[in-house]
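Coordinate analysis (summary)
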Amino acid sequence: MHTLPNSPPRKQFVFGKQPPLAWAAILSFVLFSAVCIFAGAAGILRTAYVIMSFAVGIFLYLRYPLLYTGFTWWIWFVTPFVARLVDYRSGWDATRFMLVSQYLVTLLTLHTFLKELPRSLRQGSLPFVLAFLGVFYGFLIGVIKTSPFTAARGLLDWLTPITFGFYLFINWRDYPSYRRTIERTFLWGVLVTGIYGVIQFLVAPEWDLFWLTSTKLTSMGDPEPLKLRVWSTMASPAPYAAMMMAGLVLLFSNKNFLRIPASAIGYLAFLLTTVRTLWGGWLIAFLTFLTALKAHLQMRLFITILIMALCIVPLTQIKEFSEPITTRFETFSQLDKDDSAKVRQKIYEDGLNSALTNGLGNGVGNTFIVNKKGILEPIVIDSGILDMFFTLGWFGGVFYLVAIFMAFAGSFQYSEYRFDTFMAASRAISVGMLSTLLGNSGMLGMPGMVLWGFIALAMAGHKYHVSSRFD
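Residues numbered from 1 in each chain as written. Predicted model: local features only at pLDDT ≥ 70, side-chain atom pairs only at ≥ 80, totals over all residues. Heavy atoms only, no water.

Next up on the list: the overall build of the chain. Helix and strand counts for the chain stand at 18 helices and 2 strands. Across the 471 residues in the chain, those meeting the buried criterion constitute 56%. Entry remark: accessible area of the chain is about 20,100 Å², with carbon and sulfur atoms responsible for 67%. (Helix = DSSP H or I, 4+ residues; strand = E, 2+ residues; numbered from the N terminus. Buried < 20%, exposed > 50% of the residue type's maximum accessible area, 1.4 Å probe, protein only. Areas by Shrake-Rupley, 256 points an atom, 1.4 Å probe, with all protein chains shown as cover.)

Below, the structure is given as structure tokens:
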């Protein structure tokens, strides 16, 4: 493991020699959750899951940062699924309180942000600081224009991706270890959630149907087998597609033999989400990744793609799978007749002028309303650009856009992509996610974790390689 001279020793672990105490904490949390669900005490989890996940997160954050990183991603992967099981066993909870778990675990990185802020600016963290300032401004406006409660809820979506990205960047000295952790996390994430996603499409489990009918989200398909838009273990198709887009691109740089079956099942589940914006994001990410590699690595990539295609194409030709996928692909040539395309066009027609002339912004939390029962409900704005200016106004929006520009402009000047395929994949993923901002709020929640997390890894890899040359 690489460490700069005279730097203090860091607590880490080596794969295969992971600390038993850390795994005991994680497995105890998993076992307790499973027992509560299957022993008829699922209602307890509504509070216990939040408390225990946060407690385990604190323990790992303080003692085992690599395990904390993997744990955080998995909390994002599976918490909505656990919440659906709890709702199915104990009745519908319209507050969706359990979903705060993933934000609280991630928000621990705010401690790193505040602690490392003074010296981090000398290391290149200005994009994260500018984005933080833009969001904090939006939060203050949100407190004034909405309420502290709704502003705080919106802040979770905006802030956690930035602080988590900062956390990955500031630990650049241990970049190789974080690279291995994230490669393994997303390998298993694609495999596990991909398998469940295909099962969800074919079988339509009762807990998923109960959740779908309770939320009344008609955009996610009909509540019966073969007619769902796959969202696997997550809350909706778009966050799941964002995670899968990242994981599938990462598999190109992964040498584990499981990448082949993971790719086969992963691409099938990804296509069954029918999220065209993320399909386009994947294509842009792939082209960005391909053009960054040396010629011999490009040839190796083509061989990998050929092997993957031999596994994937036969699956997509099965009638049950081919019909929804083909139908969705056909809409690319019929956008003038497509309902979702018309909705997005209407959003831009009605909202662009309003967003760009809203100097102060509506503030963080403006995309939530309190219904008659006193419960927060989200308002969907299918455009990251409009959402940015609606929420942050010109002042906060400019800070946020400058932050993104600085991070991505700098990332295109790195030369290490030629030999570090993980770095190349990380930048490609973040560029792919950036391209979705026209049709998706890709800077919030899970998509935001992908956007900021992977550009941070590219920046961390660059700093690590530069420092290695001077050792």
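Resuming the write-up.
Turning our eyes to something else, we now look at the packing of aromatic side chains. Inspection of every chain in the model, using the stated rule, returns 39 aromatic pairs. Between the aromatic rings of Tyr175 and Phe422, the centroid separation amounts to 6.2 Å while the plane-to-plane angle is 55°, which identifies the pairing as tilted. Here the residue Tyr175 occupies a position in helix α8 (residues 175–203), and Phe422 occupies one in helix α17 (residues 421–434), the gap between them amounting to 247 residues. Take Tyr175 and Phe422: they sit in the same class, and that class is buried. Taken together, the ring pairs in this structure connect Phe113, Phe128, Phe132, Phe136, Phe139, Trp158, Phe166, Phe169, Tyr400 and Trp452 into an aromatic cluster. One residue, Arg84, lies across the ring of Trp211, its end atom 5.7 Å from the ring centre. The ring of Tyr417 is capped by Arg427, whose NZ or CZ atom sits 4.0 Å from the centre of that ring. (Phe/Tyr/Trp six-rings, centres within 6.5 Å; stacked < 30°, edge-to-face > 60°. Lys NZ or Arg CZ within 6 Å of the ring centre and 35° of its normal.)

Let us now look at the confidence of the model for the chain. Residue-level pLDDT values for the chain average 87, and 87% of them are 70 or greater. Strand β1 (residues 368–370) is the least confidently modelled element of the chain, averaging 48 in pLDDT, while helix α4 (residues 100–107) averages 97, the highest of any element. Confidence drops under pLDDT 50 across residues 1–17; counting only partners more than four residues distant or on other chains, this segment forms 30 contacts. (pLDDT = per-residue confidence, 0-100. Contact = heavy atoms within 4.5 Å.)

A full pass over the atoms with the stated rule returns 7 salt bridges. One salt bridge connects Asp208 with Arg84, and the closest N-O pair in it is separated by 2.6 Å. With Asp208 in helix α9 (residues 206–215) and Arg84 in helix α3 (residues 65–90), this residue pair connects regions lying 124 residues apart in the sequence. Under the relative-accessibility criterion, Arg84 is labelled buried at 1%. Taken together, the shared-partner salt bridges connect Arg46, Asp87 and Asp93 into one network. (Salt bridge = Lys/Arg side-chain N within 4 Å of Asp/Glu carboxyl O.)

What follows deals with helix α18 (residues 445–469). An ideal rise of 1.5 Å per residue puts 36 Å on 25 residues; α18 measures up with 36 Å between its terminal C-alpha atoms. In terms of burial, α18 is largely enclosed, as 20 of its 25 residues are buried. (Expected span 1.5 Å × (residues − 1).)

At their nearest, the axes of helix α10 (residues 237–250) and helix α11 (residues 259–272) sit 10 Å apart, and the two run at 150° to each other. The two elements α10 and α11 cross, and the hand of that crossing is left-handed. Judged by residue contacts, Tyr240, Ala241, Met244, Met245 and Leu248 of α10 engage Ser263, Gly266, Tyr267, Ala269 and Phe270 from α11. Residues belonging to the contact of α10 with α11 are distributed by class as follows: 8 nonpolar, 2 polar and no charged. (Axes fitted to C-alpha atoms, helices over the stretch in contact; angles between N-to-C directions. Left-handed = near helix turned anticlockwise from the far one by under 90°. Nonpolar A, V, L, I, M, F, W, Y, C, P; charged D, E, K, R; others polar.)

This paragraph deals with a nonpolar patch on the surface. Residues Leu121, Leu126, Trp394, Val398, Val402, Phe405 and Met406 make up a contiguous nonpolar surface patch of about 610 Å² in total accessible area. Per element, the largest residue contribution to the nonpolar patch is 5 residues, and it comes from helix α16 (residues 384–411). The residue Val402 is located in helix α16 in this model. (Patch = residues over 30% accessible without salt bridge, like charges linked within 9 Å, V, L, I, M, F, W, Y side chains within 5 Å.)

Right, let's talk about the packing of α16 against α18 for a bit. Contact geometry for α16 and α18: axes closest at 10 Å, N-to-C directions at 40°. Here α16 is positioned oblique relative to α18, judged by the angle of their axes. The two elements α16 and α18 cross, and the hand of that crossing is left-handed. Note on element contacts: α18 touches α16 through Leu451, Trp452, Ile455 and Met459, opposite Tyr400, Ala403, Ile404, Ala407, Phe408 and Ser411. Within the contact of α16 with α18, the residues separate by chemical class into 9 nonpolar, 1 polar and no charged. (Parallel < 35°, antiparallel > 145°, perpendicular 65-115°, else oblique.)

The next point concerns the nonpolar core. Ranked by internal contacts, the top residues of the largest apolar core, which has 139 residues, are Tyr400, Trp452 and Phe454. Aside from chain neighbours lying at most four places away, what touches Trp452 is Pro127, Phe128, Ala131, Pro161, Ile162, Gly165, Tyr400, Ala403 and Ile404. If you look at the next biggest cluster of nonpolar residues, it comprises 7 residues, including Ala204, Leu209, Trp211 and Trp231. (Core = buried A, V, L, I, M, F, W, Y, C linked by side-chain atoms within 4.5 Å.)

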